[in-house]
Structures are given as C-alpha cells and as structure tokens.
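# Overview (structure and organization)
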Amino acid sequence: MAMPLIAFDSLLQKMKRLYSAHYDGSSRDCSCARPFARFAVRRKDLMSFWAAIMFFVPNAATLAATSTGSGIAARYPGDKNIASDPAVIFADDFESYTSPSELGNKWDNVYQPRNIRIATEPGNVFAGHKALEFSLPITTKEVANALGKRLSPGQDTVFLRAYTKFDAGYSVHGSNHDGLRLSAKYPGPGIKPPANGTGFFLFGLQNNIGGTPLAGEVAPGYSQLYVYWPKQRSAFGDHWYPTGMVKPWVSAIGTLGDWLAYPSQYPDFHPMPNFLPQRNRWYCDELMVRANTPGKHDGEVKYWIDGKLVSDFPDLNIRSISTLKMDEAHITLQAQHSERVNKKWYDNVVIAKQYIGPMSTASAISASAAQFQSFSSRLLIQTGDNVGIAGFVIGGSEPKKLLIRGLGPTLTEHGITDVMQNPTLELHDSSGSLIARNDGWKNTQQAAIAVTGLAPPNDSESAILATLQPGSYTVVQAGASGGTGAGLLEIYNLDSVATSTLVNMWTRGLVQPGNGALIAGCSVDGGSGAKNVLVRALGPSLTALGVNGALADPILTLYDSNGNVITANDNWKDSQQEAIENTALQPPDDFEAAICTTLTTGSYTATVTGKNGNNGIALLEVYATQ
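Notes on the structure in this doc start here. Starting from 1, residues in each chain are numbered consecutively following that chain's sequence as written. Under the rules for a predicted model, residues below a pLDDT of 70 receive no local features and side-chain atom pairs below 80 are neither given nor counted, while totals for whole chains, interfaces and linings still include all residues. The side-chain figures draw on all heavy atoms in the structure; neither hydrogens nor water molecules are used.

## Quick look at the overall build of the protein
The cut-off we apply is this: Strands here are runs of E lasting at least two residues and helices are runs of H or I lasting at least four, both read from the DSSP assignment and numbered beginning at the N terminus. Think of it in three bands: residues with accessible area under 20% of the maximum for their type are buried, residues over 50% are exposed, and the middle band is partly exposed, with areas taken using a 1.4 Å probe on protein chains only. Throughout, a residue-residue contact means that at least one pair of heavy atoms, one from each residue, lies within 4.5 Å. Per-residue accessibility takes into account occlusion by the displayed protein chains alone, with areas from the Shrake-Rupley method and a 1.4 Å probe.
Along the protein, the regular secondary structure elements total 5 helices and 34 strands. Buried residues in the protein amount to 59% of all 626 residues. In the protein, of all internal contacts separated by at least 6 residues, the share reaching a separation of at least 24 is 76%. A total accessible area of about 22200 Å² is found for the protein, and carbon and sulfur atoms account for 51% of it.

## Here we look at the sheet that holds strand S24 (residues 462-468)
Quick note on the threshold: Two strands pair under a simple rule: DSSP has to find at least two bridges between them. Lines are fitted to the C-alpha atoms to define the axes, a helix being fitted only along its stretch in contact, and any angle between axes, read from their N-to-C directions, falls within 0 to 180 degrees.
Spatially, S24-S21-S26-S19-S28-S33-S30-S31 is the arrangement adopted by the 8 strands of the open sheet, whose pairing is antiparallel. Of all strands in the sheet, those with a lone pairing partner are S24 and strand S31 (565-569), marking the two edges. Neighbour-to-neighbour, the strand axes of the sheet open up by a mean angle of 15 degrees, direction not taken into account. Bridge count between strand S28 (residues 518-525) and strand S33 (residues 602-610): 7 bridges; the pairing is antiparallel.

## A word on empty space enclosed by the protein
For the record, the criterion: Each cavity reported here is a set of points on a 1 Å grid over the protein atoms alone in which a 1.4 Å probe fits but cannot get out, each pocket an open set with protein on both sides within 12 Å along at least five of seven lines, and each lining residue one with an atom within 4 Å of a point. Grid points are joined across faces, edges and corners, and a volume is the space filled by probe spheres set on the points. Any residue that is not Ala, Val, Leu, Ile, Met, Phe, Trp, Tyr, Cys, Pro, Asp, Glu, Lys or Arg is counted as polar, Gly included; the first ten are nonpolar and the last four charged.
Going through the model one piece at a time under the given rule, you end up with 5 cavities of 30 Å³ or more. The volume enclosed by the largest cavity comes to roughly 70 Å³. Contributing to the lining of the largest cavity are Thr164, Phe166, Leu205, Asn207, Ser223, Phe275, Pro277, Tyr283, Asp285, Ile305 and Lys344. Its residues assigned to classes, the lining of the largest cavity shows 6 nonpolar, 3 polar and 2 charged. In this structure, the second largest cavity encloses a volume near 50 Å³. For the second largest cavity, the full set of lining residues is Phe375, Ala520, Gly521, Cys522, Val535, Leu558, Leu599, Tyr604, Thr605, Ala606, Leu620 and Val622. Only S28, S33 and strand S34 (616-624) provide two or more residues apiece to the lining of the second largest cavity.

## Considerations on the pattern of salt bridges
Rules: Counted as salt bridges are all cases of a side-chain nitrogen of Lys or Arg within 4 Å of a carboxyl oxygen of Asp or Glu.
Considering all chains together, one arrives at 24 salt bridges under this definition. Of the charged contacts in the structure, one is a salt bridge between Asp495 and Lys400, with a shortest N-O distance of 2.7 Å. Of this pair, Asp495 sits in the loop between strand S26 (485-493) and strand S27 (500-511) while Lys400 sits in strand S21 (residues 400-407), placing them 95 residues apart in sequence. Here the two residues Asp495 and Lys400 agree in accessibility, since each one is buried. Through salt bridges with shared partners, a single network forms among Arg117, Glu121, Glu133 and Lys343.

## So, unusual backbone geometry
With an omega of 5 degrees, the peptide bond between Ser152 and Pro153 qualifies as cis. Residue Pro248 is bonded to the preceding Lys247 through a cis peptide linkage, with omega at 10 degrees. Take Pro248: it is sitting in strand S12 (residues 245-250). For Asp79, which is not glycine, the phi torsion reads 65 degrees and is therefore positive. Position of Asp79 among the secondary structure elements: in the loop between helix H2 (43-53) and strand S1 (88-92). Even without being a glycine, Gln112 presents a positive backbone phi close to 55 degrees. Its location among the elements puts Gln112 in the loop between strand S2 (109-111) and strand S3 (116-119). Look at Gln112 and you get partly exposed, because its relative accessible area is 25%.

## Remarks on the sheet that holds strand S29 (residues 530-538)
Taken together, the 8 strands give an open sheet; going across it, the order is S23-S22-S25-S20-S27-S34-S29-S32, and neighbouring strands pair in antiparallel fashion. Looking at strand neighbours, the two that pair on one side only are strand S23 (434-438) and strand S32 (593-600), the edges of this open sheet. For this sheet, the mean angle separating the axes of adjacent strands, direction not counted, is 20 degrees. Both S29 and S34 contribute to a ladder of 6 bridges, which runs antiparallel. Directly across from Leu538, in S34, lies its bridge partner Leu619.

## With respect to the side chain of Asn493
The line we're drawing: Contacts described as polar in this section are N or O atom pairs within 3.5 Å, which, within protein, must combine one atom able to donate a hydrogen with one able to accept it, while residues neighboring in sequence count only if both atoms come from side chains.
Within the secondary structure, Asn493 sits in strand S26. At 3.1 Å, the side chain of Asn493 and the backbone oxygen of Phe372 are in polar contact.

## What to know about the environment of Thr501
Looking at the secondary structure, you find Thr501 in strand S27. Note: C-alpha distance between Thr501 and Ala370 (131 residues apart in sequence) is 9.5 Å. At 3.2 Å, the side chain of Thr501 forms a polar contact with the side chain of Gln371.

## Comments concerning the packing of aromatic side chains
Under the convention used in this document: Note on aromatic contacts: the rings of Phe and Tyr and the six-membered ring of Trp form a pair at centre separations within 6.5 Å, being stacked when their planes are under 30 degrees apart, edge-to-face when over 60 apart, and tilted otherwise.
Applying the stated criterion across every chain yields a total of 25 aromatic pairs. Taking 5.4 Å as the distance between ring centres and 65 degrees as the angle between the ring planes, the aromatic pair formed by Tyr186 and Tyr228 counts as edge-to-face. Note that Tyr186 is positioned in the loop between strand S8 (180-184) and strand S9 (201-207) and Tyr228 in strand S10 (residues 223-228), a separation of 42 residues in sequence. Pair check on accessibility: Tyr186 and Tyr228 agree, each one buried. Ring geometry for Trp259 versus Tyr266: centroids 5.7 Å apart, planes at 90 degrees, classification edge-to-face. What makes Tyr266 buried here is its relative accessible area of 3%. An aromatic cluster is defined as three or more aromatic residues linked by ring pairs; in this entry it consists of Phe201, Phe203, Trp229, Trp240, Trp259, Tyr266, Phe269 and Phe313.

## What about the pairing of strand S15 (residues 299-305)?
Side-chain direction in a regular strand flips from residue to residue, so the side chains alternate between the two faces of the sheet. Most of S15 sits inside the fold, with 7 of its 7 residues counted as buried. Alternating positions in S15 separate into two faces, Gly299, Val301, Tyr303 and Ile305 on one and Glu300, Lys302 and Trp304 on the other, with burial throughout. When strand S14 (residues 283-290) meets S15, the two strands line up antiparallel, connected through 6 bridges. For Leu287, the partnering residue across the bridge sits in S15 and is Tyr303. Sheet topology places S15 next to strand S16 (residues 308-316); 6 bridges connect them, and they run antiparallel. Counterpart to Ile305 in the pairing with S16 is Lys308. The turn linking S15 back onto S16 is made up of 2 residues, and Asp306 within it adopts a positive phi angle of 55 degrees.

## Details of the nonpolar core
The following threshold applies: Buried Ala, Val, Leu, Ile, Met, Phe, Trp, Tyr and Cys residues form a nonpolar core when they are joined through side-chain atoms within 4.5 Å.
Within the largest apolar cluster, 53 residues are counted, with the highest numbers of intra-cluster contacts made by Leu132, Trp240 and Ile331. Looking at this core, the element that brings in the most residues is strand S17 (residues 326-335), giving 5 residues. Leaving out residues up to four positions away in the same chain, Ile331 has contacts with Phe94, Trp107, Leu132, Phe134, Asn145, Ala146, Leu147, Gly179, Leu180, Tyr346 and Val349. Leu402, Met420, Leu468 and Val475 belong to the second largest nonpolar core, which has 43 residues in total.

All we've got here are geometric facts, nothing functional implied.
What follows is the structure in structure tokens.
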C-alpha cells in the first residue's frame with residue numbers, strides 16, 4: 001500500500017528546488033492554514049457546512065451525463081443506501097409499504113389513493129419485491145393519480161429519476177400526463193405564467209398523443225416535455241419534442257420551437273430524434289431542470305432514458321428572480337378520459353441535486369477495479385474554527401474499514417518545522433454527529449491499530465480505526481490544549497470490498513503566493529491498476545456560499561510520486577471540456593480548474609495555486625468517475 005507521505009515528501013523536494021525555499025511550517029508554507037473565517041465557531045456547524053460543500057452542485061455548463069458510470073447510482077449497487085448520499089434529497093423503492101394508505105409516511109401528497117396499489121408481481125416490479133401501480137379506470141371524466149414530494153428548501157437544479165413501465169395495452173388519446181414533473185410555485189392548470197419570469201414554471205416528462213399522431217407515432221406516444229414557462233403559447237401548457245418542434249401551433253412560427261425559429265438566441269440547441277418507448281417494458285427515466293441565473297440565458301431542461309440523453313433544451317430564460325425555485329416533484333398518471341383500464345408502474349424513485357443515472361448492479365464496483373487506497377492533506381492546525389478539516393465519501397452498498405491518522409511530530413523527519421506536537425482527531429458523519437475521537441493513538445484501539453501496520457510513528461499522534469457505512473464523513477484535526485502547528489491528515493482504505501469504495505475526497509485551505517500552495521495526495525492500487533478520476537479546484541463559486549476571500553482564479557497541477565508534472569489546468573473549459581462535462585462534475589465557474597485523467601497504480605499529489613500569485617480560499621476535490 002503506497003503511503004501519501006511518500007508522495008508529499010517527493011513533492012516537497014521538487015517544490016524546494018522550484019522555489020529555493022524551505023518548508024518551515026509557517027503560514028506561507030502550510031497553505032491549509034485557515035478554514036472559512038465566517039463559518040462555524042461550533043464544530044457541528046462546521047461539519048454540516050462541509051457535508052454540503054463537498055457535493056457543491058455543478059451548474060455552470062451543460063450537465064451532459066450519458067452513461068451509468070457517471071451518476072450517483074453507480075456508487076450504490078442496487079440503489080442500496082442511495083438515500084445516504086449527500087446529493088440525494090429523497091429516495092423511495094416502495095419496499096416499506098403494505099398498503100397505499102402508508103404512502104403519506106414519505107410523500108407529502110397522495111392523490112386518488114383508490115387508484116393506487118402496491119404491486120408485488122415479479123413482472124411489475126423492477127427491483128426488490130414491490131413497486132407502485134397507478135390505474136386509470138374506464139371513465140369520461142378526468143382522473144389524476146399522483147404522488148408529490150415537497151422540496152424544502154427550494155432548489156435551483158433538480159434531477160428526478162424513476163423506473164417506469166406502461167401496461168401491454170396502454171392507450172390514451174388526448175391529454176395524458178403520465179410521467180415525472182418538477183415545478184416551482186405551480187398554482188394549477190389553465191394559468192399562463194407572467195411573461196416577466198416572476199411567477200412560476202413547470203416541466204413534466206410524459207408520453208402523449210395529442211390530436212393527429214405524428215409520423216410513426218403509436219401508443220403510448222412520443223416522449224415529450226409538458227411545459228409552463230414565461231414564453232408559453234397555450235394557457236394549458238406547451239409540448240416540447242426533442243426535434244425542436246413545439247405544440248400548439250402559433251401563427252408567427254407554426255410548430256417551430258423558439259430554438260429553431262430564433263437560433264441566435266439558442267446557440268447550444270441541437271435537435272434529437274423523437275423517442276417512442278415500448279409498452280410492457282421497464283425504462284429508467286430521468287428529468288433534469290436547472291433554473292437560469294436571473295438575467296442570463298443559462299437555464300436548461302433535459303432528460304435521459306436508460307442513461308442515454310434523449311432531449312436537451314439549453315440557453316433558457318425561465319425566471320427573473322432568484323427566489324423562484326423548484327419546490328415540488330411528482331410522479332403521475334393523469335388523463336381527461338380513458339377508454340380502457342390503463343396502468344403504469346413506478347419503482348426506485350430518486351430526487352437529487354446531481355445526475356443519478358440508471359441503477360447499477362452489485363458487479364458495478366468489482367474486485368477487479370482499482371481503488372483509492374489513501375488520501376492525505378497537509379494542514380496548518382490552529383484553534384477555534386481554524387482547525388484542520390478534510391472529508392470523504394464512501395460509495396457502494398457495504399461498510400468500509402478505514403484508518404485515519406493525524407500526524408505532527410513525524411513531519412520533522414521530512415523537513416517541516418513548527419509542527420503540531422499533540423494532534424487530536426475527530427470523525428463526524430454528514431449530520432455533524434461525533435462518531436469517534438482520539439488523543440494519542442495508544443489510548444484507544446492500540447492493539448487493533450498496531451495490527452494494521454500503519455500505527456502513527458509517534459505516541460502523541462492520533463489515529464481512529466473505523467468501519468463505516470456508505471455516506472459522507474468529515475475529519476477534524478486539532479491540537480490538544482489549544483496547540484497549533486503543521487499537521488498531516490491521512491485516510492487509509494484497509495479493505496477492497498467489491499461493493500464499497502472511496503468515491504470522493506476533499507480538503508480546503510488558504511492558497512498563498514510562492515510556496516503556499518494547497519496540497520493533497522492520494523494513492524491508487526488494486527485490481528486492474530487504473531482508475532478514472534476528476535480532480536477539481538474551486539474558488540469563485542465558493543463566494544455564493546458566503547465565503548469571503550475565495551481564490552479568484554485557481555490553477556490546478558497534478559504530480560506523480562517523483563514530483564514530475566503530469567498535467568495542469570487553469571480554466572476548465574480551456575481543455576478537456578467535453579470529457580469533464582461528461583462526468584457531470586464540471587466546476588460551477590469558468591475560472592475554476594479541473595483535470596480528467598486515468599491514474600495507474602502509484603501515489604499522486606495535486607496542488608492549487610493562484611494565478612499571478614493571488615491568494616484566497618480554495619477547495620481541492622478528487623472524484624472517482626468509474
């Protein structure tokens with residue numbers, strides 16, 4: 001197992017030659033000097049903040065995810081424990097219900113429960129043993145079946161995924177809302193939103209044959225978006241097709257959507273062919289709505305079917321006020337009339353802030369895949385809210401055994417002075433709750449830590465051995481009795497469980513000129529000996545979270561274990577833009593940096609510096625993308 005300290009040592013030697021300076025543990029040396037000054041005197045508040053920032057939602061460019069390997073679901077085989085992911089708002093696999101009357105335990109609104117059933121037949125369940133069944137009885141009156149989930153707080157970007165299946169003879173003509181819906185302050189049907197963008201909006205993914213069928217269209221109808229937005233044509237909603245066609249017809253431009261009629265206003269729109277699902281077949285449907293920045297045309301609505309991008313509408317101006325956020329998500333089966341008993345099934349619903357993707361199988365995280373074996377971050381440990389902080393996310397369906405070390409005195413052997421003499425460690429979960437604390441590794445778990453072969457070299461250094469469920473965690477390194485100094489925080493993967501892996505690790509700190517880079521290291525080993533990763537450095541986008549002094553223009557550099565530069569990036573769109581976007585993890589700001597690469601077995605170090613020697617707070621993250 002490669003040790004990050006070795007990679008750090010090699011990089012230190014390299015940077016000493018570059019800067020002709022010694023790393024003496026001063027504030028110019030240890031760039032992780034201070035966490036965000038405005039946040040959290042209380043440690044629990046600090047934990048909650050970092051649990052949120054770790055999964056800062058990308059929203060600066062097209063979220064183009066086209067494969068199962070880039071979504072949240074890829075980290076949770078069978079969707080097991082997917083609700084624990086920091087980016088997930090809500091998840092329901094319907095396994096906990098024995099009756100529709102219990103749906104209100106999780107959902108905020110249950111419409112027409114007499115038309116809802118908990119299905120248990122194998123063919124009508126996608127995964128597990130149960131699914132949700134909606135029915136439309138034979139009727140000439142409108143019937144609306146739905147489950148609604150309130151989103152509180154409201155969201156600017158939401159992904160809604162569900163597995164869906166129409167019955168074998170499904171056939172509805174006329175109005176038919178039969179899919180996924182995301183909306184903001186929707187007041188009800190038959191009302192046009194104000195043209196100035198201050199009212200409401202709604203986007204629904206559905207299948208519908210309205211009027212004369214289009215060429216090649218048969219039941220259940222082509223997939224389309226049902227839309228209420230400021231440029232709405234009809235009081236009862238417009239219908240957007242992947243080709244760019246919009247119904248209803250208007251005199252000025254016919255059935256052309258604005259993106260076809262006025263292409264200069266929608267330069268990023270690309271028509272796609274219509275999609276016609278088969279009946280009696282399960283599909284993974286996912287709808288994404290991203291509200292625009294007020295005053296900009298950067299909103300976007302798109303959807304995927306079975307992980308393939310089917311329709312994309314970028315360059316949208318949906319709102320003019322930032323307070324207009326999505327506050328509801330629905331799954332539905334609604335029709336004005338039904339000539340037969342029509343049914344549709346739903347399973348494995350997930351609402352999230354990032355691309356979810358199709359469910360992965362237990363083999364998706366396999367023993368043949370390389371894994372992150374360790375992560376480390378060099379910190380200047382101070383007091384109060386200026387302690388050292390790093391974090392990580394465990395993906396998969398099984399617990400993972402980790403050793404966390406907080407080193408201080410040992411760093412003197414690597415040319416670092418003014419070190420933390422007595423570092424302590426705290427491990428917190430995503431809610432900020434304390435899981436474990438250590439002050440001197442021999443004081444607790446001594447025998448178990450010694451068996452790992454990774455016991456800290458100095459008795460005053462700290463360590464925590466823990467077996468953790470999938471989810472997000474934060475580690476705090478501080479000094480006993482208020483001590484300060486340079487420290488190294490390390491996380492070691494002690495097993496290679498096939499259905500569990502480290503998927504994200506991060507650290508943050510103050511970037512200063514000269515040798516004051518923000519530094520973190522990781523090692524890759526096992527299986528095929530290679531791992532696809534995205535490394536990113538955030539700065540400007542942190543300002544939106546209330547951070548003062550964020551680094552305006554970070555530069556990211558990746559080194560091998562000998563201190564040789566592998567690659568570097570200033571602004572993420574300058575190179576690898578498409579590859580980075582395909583991870584759905586592109587930085588929110590164009591001035592932030594990212595590197596998409598494949599790491600073979602070995603140790604690596606990433607540094608963040610400021611362009612033109614600027615300083616400021618930065619966040620350095622490493623994501624596994626496969």
